[in-house]
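Analysis of the macromolecular model
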Amino acid sequence: MALSSTPQLPVLPLPFPLVLLPTARLTIHVSRELAEKLQAVLHDSGSSQPIVATIPIPPPTDPSNTTNFTPPPSTHTTGPVHGTAARVVRLVPVRALSASVSARQPYILSLHGLTRIRLAQPLDLDSQMADSLTERTVHHPPADQVPSREAAEAFKDAALRLLDRLAKDSVHSQRKDDWLRISVILEDVPDHRSAWMADVLVAAINCDYTDKLTFLATTTVEDRLRRATELFVKQASISEVPQKIANVVDESLSRQQKEYFLRQQLAAIQRELQSLYTANNASPGSPSGSPGLKIGGSSSEPDDDEQADADDLADLKKKIEALEAGSEERRVSIREWRRLKRIPQGSVENGVIRTYLEWLTSLPWPSATLSPSANQEIVKNPGFLAKARAQLDADHFGLDQIKGRLIEYLAVLRLRSMVEAASQASVSQQPMSQPTAKLAQCPDQNCARKGVKGPVLLFVGPPGTGKTSLGQSIAKALGRPFQRISLGGVRDEAEIRGHRRTYVASGPGMIVQALRKAGRIDPVILLQIDKVGQSNFHGDPAAALLEVLDPEQNHAFNDHYINVPVDLSRVLFICTSNTLDSISAPLLDRCEVVELSGYTYDEKIHIARRYLLPKQLTANGLSESLLDLTDDALLRIATLYTREAGVRGLERALSTIVRFKAVERVNHLDSLAGTERSDAAPKEWQSRVEGEDVERMLGVPRWDSEEREREEKIGVVYGLVVTGMGEGGIMPVESTAVPGTGRLKLTGSLGDVIKESGEIALSWVKAHAFDLGITASKGIDPLKVPDPIDIHLHLPSGAQKKDGPSAGVAMTCALVSLLTGVTASKDMAMTGEITLRGRVTPVGGVRMKVLGAHRAKVYRIVLPWANKRDVEREVALEVQQQMQFHFVQTIDEALEAAFGKGVLGWKRDVMLMEGRL
């Protein structure tokens, strides 16, 4: 095959790990720039298949590189010079073959190796080399070399041995026949064609990149055959190792040892690998400092059980030595370590002790936090409070009271850190002896472990009000790790305190596990405590939390598994709950309750604009320019579809709308593609969503029917309630008169307290029946004269349990409306408890009730006078401005506020007198 007589050829660099040997074919993807240069070479040469010089480019030498690549000697200090002259067989665009290839390399190049070449000057390794095609002077090796008879025979023997091994190991029959056919051809190859056959076989077998480069760099025929023989012997040995291992295992295998088959096979593999490493490191041909063949690039063998076990024990010993001298955890660790060294490794107790030591040494003990940490530097920063406030405002809208409490804690934390820093600086400036300095710095032996005690905050509120995300924001502001522990359904005390080590598969509790995951002694841990299990034969989980959440005790928390006091005083615990009813009184006493009652409509619209809508647009593949949701549409969604305290339902509704618009967007794009083919006018995209479009996307409003059904009826008033999930709302109190014997019937799954409120309301109405104009004279029972009747008082939604001292005013107004025939306004709701003397006593949950009435579009509310401060302090100003409050002290004022002034027509002015006992 004749080559061009020109001493220069275009140089095509081959990236790692591509190597093109003579007689071999190679197909690669090339960039558009390189393809254009190849087309120019094709045009200038005047030949349909021009010749280029392919030069393999080794990877950059990096000390941290874990690959097993060792560059050939010629490329240690200079660039590559050895390569192959190749003919360009094919250059086609990718789109003609496959549409899944990257657009960065849109062409396919096929090359056929011809002969070895050597560059006159080494190739420069730079970033622009990949797409270059520069012409370089090349030298061709002499073509009339004939190998010796001995070299040719050794080559054929090694090649036939390798081909025979490959044929035996082949699973597919076609592949096996190919290897055997090559063996027949090899036997008939003359000596002067042995070098050509060596190129064919080396290109066909799977050998290392370094071996291929070294083989390519051999210019003489004698060296080429010798190198090929070494490669074939090496490959045959590698192929024989699995069979050798199988034979060794089979010899030692018996019926009683079948269960250990896999372990013996693994041990045999490790021995063969170890002998191979030893032989490679001891071979005189290997360069000095050559690491040999390694797995993972490490000097130790990770697959060696003995070595790995020794490394684990060494790491464990270092962790024990790093513990604070004289501390309890160090003493226990040393004792258990000595026990571990005395127990055989095959013993079960050995694994138990090692697991315990791993847990004990992996916990963040106070000794690890004595030095100034990054968290202390964050707290000492003058802009710490401003950044924390900005973080809270960026993550949450509103919630000013909760944010104020969190800022108070952060301010105390900053002041304490400043005081500690000042005291340490003053002590260090005073000259004193070493014992005196130690005494001044540490008057108490546990002073190093003392810090700012984290408060135990209890966020109480309905679902979706941001309790969990508030904890995450606090952790971000403090620069601390955040851990969340869900105690829902936990019925075993050991889940919190840990299992004792005497039990099988024992382990530490959730608190210690959270500390290990956090890796610091002062993380932010969030506990969901309202769904914890009740006391049973496994213990009381709520009682176990008392020690965890008590600031006076948790500095020495005792986990049954660790059995060493764990300091939890620096942990910032944040508890969450939907209601306070399911939390025990002792546990509630250790928490600082912060109520999250819910959001107003204005706050929900702001939250939807700033957080929820952008989140849903990103999740569903739309941009902000493709969807414009008006304020009227948002208000309609919040009022008619998601009347809740939180924003989870609002987010689900917004997700439905965004998905609806996503479907419309896809249909719009498909229609545009259709109009391009048909030359029709495309329709304009409608990104704006008005209020009247909401029903088309979300369906029939959920709450619209309730507002239409609300009307003024005799014997019906509306009271304010708080549901079991902490949400406020309104509930009708219905009453009716039926023939009977003068009894009161209460229905609606009512508790004992609310039943007593109904009886008190009826007694008060009977006592003041003449004053209200119900009876003609005093002392007459309105339920028996003129006709005996029974009064049925009902609270709807009978499937829900109802109880609490706040329905007295509503029940009294319902009975007065029934017996007098006067109706109360449908836009008015009331709450408050009453006494037999006619006093209205305060109630709880005022903010939640007011927000519930606001969501239900009830803007007139009757409240006890004692709750006026609660409204002024807790209810947002914009809500107060939209609503009309009637604060009453007596039932008379409540009736006047409910029915209007002068409507009832009192027969006398009642003067309430209080006696002194």
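In this text the structure is predicted, and so the values were computed from the model without any measurement.

Things to note about the overall build of the protein
- Within the protein one finds 30 helices and 24 strands.
- Taking all 917 residues of the protein together, the buried fraction comes to 44%.
- Counting contacts in the protein only where the partners sit at least 6 residues apart, residues at least 24 apart contribute 75% of the total.
- In the structure as shown, the protein presents an accessible area of about 48,300 Å², 51% of it carried by carbon and sulfur atoms.

Here we look at a negative patch on the surface
- A cluster of acidic residues, Asp311, Asp312, Asp315 and Glu358, forms a negative patch at the surface.
- At three residues, the largest contribution of residues to the negative patch is made by helix H8 (residues 305-322).
- Its place among the elements puts Asp312 in helix H8.

Re the environment of Pro80
- When you line up the elements, Pro80 lands in the loop between strand S3 (51-56) and strand S4 (82-93).
- Taking the relative accessible area as the measure of exposure, Pro80 reaches 4% and is therefore buried.
- A C-alpha to C-alpha distance of 10.0 Å links Pro80 and Leu213, two positions 133 residues apart in sequence.

Looking at the sheet that holds strand S8 (residues 482-486)
- Read across the sheet, five strands follow the order S8-S9-S12-S7-S13 without closing on themselves; strand pairing throughout is parallel. The sheet is open, and its two borders are formed by S8 and strand S13 (592-595), each paired with just one other strand. Across the sheet, the mean angle from the axis of one strand to that of its neighbour is 25°, orientation sign disregarded.
- In this sheet, strand S12 (residues 572-577) lies alongside strand S9 (residues 524-528) in parallel orientation, the contact comprising five bridges. Bridge pairing in S12 places Gln528 opposite Thr576.
- Against the sheet, helix H17 (residues 510-518) makes contact with S8 and S9, and its axis sits at roughly 155° relative to S8, the strand it touches most.

With respect to the nonpolar core
- Ile402, Leu406, Phe459, Leu478, Leu629, Ile637 and Leu654 are the most contacted members of the largest nonpolar core, which has 50 residues in total.
- Leu654 has contacts with Ala608, Leu612, Leu613, Leu629, Leu634 and Ile637, leaving out every residue within four places of it along the chain.

Some details on the pairing of strand S24 (residues 884-888)
- Where burial is concerned, most of S24 is hidden: four out of the five residues are buried.
- As judged from the five bridges shared by strand S23 (residues 860-864) and S24, these two strands associate in the parallel manner. Among the inter-strand pairings, Ile861 is bridged to a residue of S24, identified as Phe885.

Brief notes about the packing of aromatic side chains
- Across all of its chains, the model carries three aromatic pairs by this definition.
- Ring geometry for Tyr356 and Tyr561: centres 5.7 Å apart, planes at 65°, overall edge-to-face. Within this pair, whereas Tyr356 is found in helix H10 (residues 348-362), its partner Tyr561 is found in the loop between strand S10 (557-558) and strand S11 (565-566), the two being separated by 205 residues in sequence.
- Judged by its relative accessible area of 2%, Tyr561 is buried.
- Ring geometry for Phe885 and Phe887: centres 5.9 Å apart, planes at 20°, overall stacked.
- Directly above the aromatic system of Trp196 lies the positively charged group of Arg193, at a separation of 4.5 Å from the ring centroid.

Overview of the pattern of salt bridges
- What the rule picks out here adds up to 30 salt bridges.
- For Arg149, the salt bridge is made with Glu153, and the minimal N-O distance between the two is 2.8 Å. Remark: Glu153 and Arg149 occur in helix H2 (residues 149-169); sequence separation between them is four residues, near one turn of the helix.
- Given a relative accessible area of 29%, Glu153 falls into the partly exposed group.
- Across the pair Lys766 and Asp781 runs a salt bridge, and its minimum N-O distance is 3.8 Å.

Observations concerning the packing of helix H26 (residues 808-820) against helix H30 (residues 891-899)
- Running from N to C, H26 and H30 cross one another at 65°; their axes reach a closest spacing of 10 Å. Along this stretch, H26 crosses H30, giving a crossing that reads as right-handed. Here Val809, Thr812, Cys813, Val816 and Ser817 of H26 come into contact with H30, specifically with Ile891, Ala894, Leu895, Ala898 and Phe899.
- Per-class residue counts for the contact of H26 with H30 are eight nonpolar, two polar and no charged.

Comments concerning helix H25 (residues 752-767)
- The first and last C-alpha atoms of H25 sit 23 Å apart over 16 residues, in line with the 22 Å expected at 1.5 Å per residue.
- Those residues of H25 that fall on the buried side of the exposure criterion are Ile754, Ser757, Gly758, Ala761, Leu762, Trp764 and Val765. Summarising the axial view, the buried residues of H25 lie within an arc of 160°, below the 170-degree limit, and thus occupy one face. Away from the buried face of H25 by more than 90 degrees, exposed residues Asp752 and Ala767 are located.
- Residues of H25 that are buried in the fold lie against strand S18 (744-747), strand S19 (789-794), H26, strand S21 (833-834) and H30.

The rules behind each value
- Position numbers for residues count from 1 along each chain, tracking the sequence in the order it is written.
- Where local features are concerned, this predicted model is filtered to residues with pLDDT of at least 70; where side-chain atom pairs are given and counted, the filter is 80 or more; whole-chain, interface and lining totals use all residues.
- Heavy atoms from the whole structure form the basis of all side-chain values; hydrogens and water molecules are not counted.
- Helix and strand assignments come from DSSP, with helices taken as H or I runs of at least 4 residues and strands as E runs of at least 2, each series counted from the N terminus.
- Only protein chains enter the accessibility calculation, which uses a 1.4 Å probe. A residue is then buried if its area is under 20% of the maximum for its type, exposed if over 50%, and partly exposed in between.
- In what follows, residue pairs with any heavy atoms lying within 4.5 Å of each other are defined as contacts.
- Method for areas: the Shrake-Rupley scheme with a 1.4 Å probe, in which residue coverage is limited to the protein chains shown.
- Note that patches include only residues with greater than 30% relative accessible area and no salt bridge, and the join distances are 9 Å for like charges and 5 Å for nonpolar side chains (Val, Leu, Ile, Met, Phe, Trp, Tyr).
- Salt bridges are defined by distance alone: a side-chain nitrogen of Lys or Arg within 4 Å of a carboxyl oxygen of Asp or Glu.
- Counted as positive: Lys and Arg. Counted as negative: Asp and Glu, with His and the chain ends omitted from the count.
- Every charge is mapped onto a representative atom, which is NZ of Lys, CZ of Arg, CG of Asp or CD of Glu.
- For two strands to be treated as a pair, DSSP must find no fewer than two bridges joining them.
- Geometry is summarised by axes, namely lines fitted to C-alpha atoms with helices restricted to the contacting stretch, and by angles between N-to-C directions that run from 0 to 180 degrees.
- Among buried residues, the Ala, Val, Leu, Ile, Met, Phe, Trp, Tyr and Cys ones that are joined through side-chain atoms within 4.5 Å form a nonpolar core.
- Stacked, tilted and edge-to-face are the three classes applied to pairs of Phe, Tyr and Trp rings, where Trp contributes its six-membered ring and a pair requires centres within 6.5 Å; stacked means planes under 30 degrees apart, edge-to-face means over 60, and tilted covers the rest.
- Here, a charge over a ring is recorded when the distance from Lys NZ or Arg CZ to the ring centre is within 6 Å and its angle to the ring normal is within 35 degrees.
- Take the far helix as the reference: if the near one is turned anticlockwise from it by less than a right angle, the crossing is left-handed, and if turned clockwise, right-handed.
- By the convention adopted, Pro, Cys, Tyr, Trp, Phe, Met, Ile, Leu, Val and Ala count as nonpolar, Lys, Arg, Asp and Glu as charged, and the other residues, Gly among them, as polar.
- Residue count minus one, scaled by 1.5 Å, sets the expected span of a helix.
- What the arc measures is the spread of directions leading from the helix axis to the C-beta atoms.

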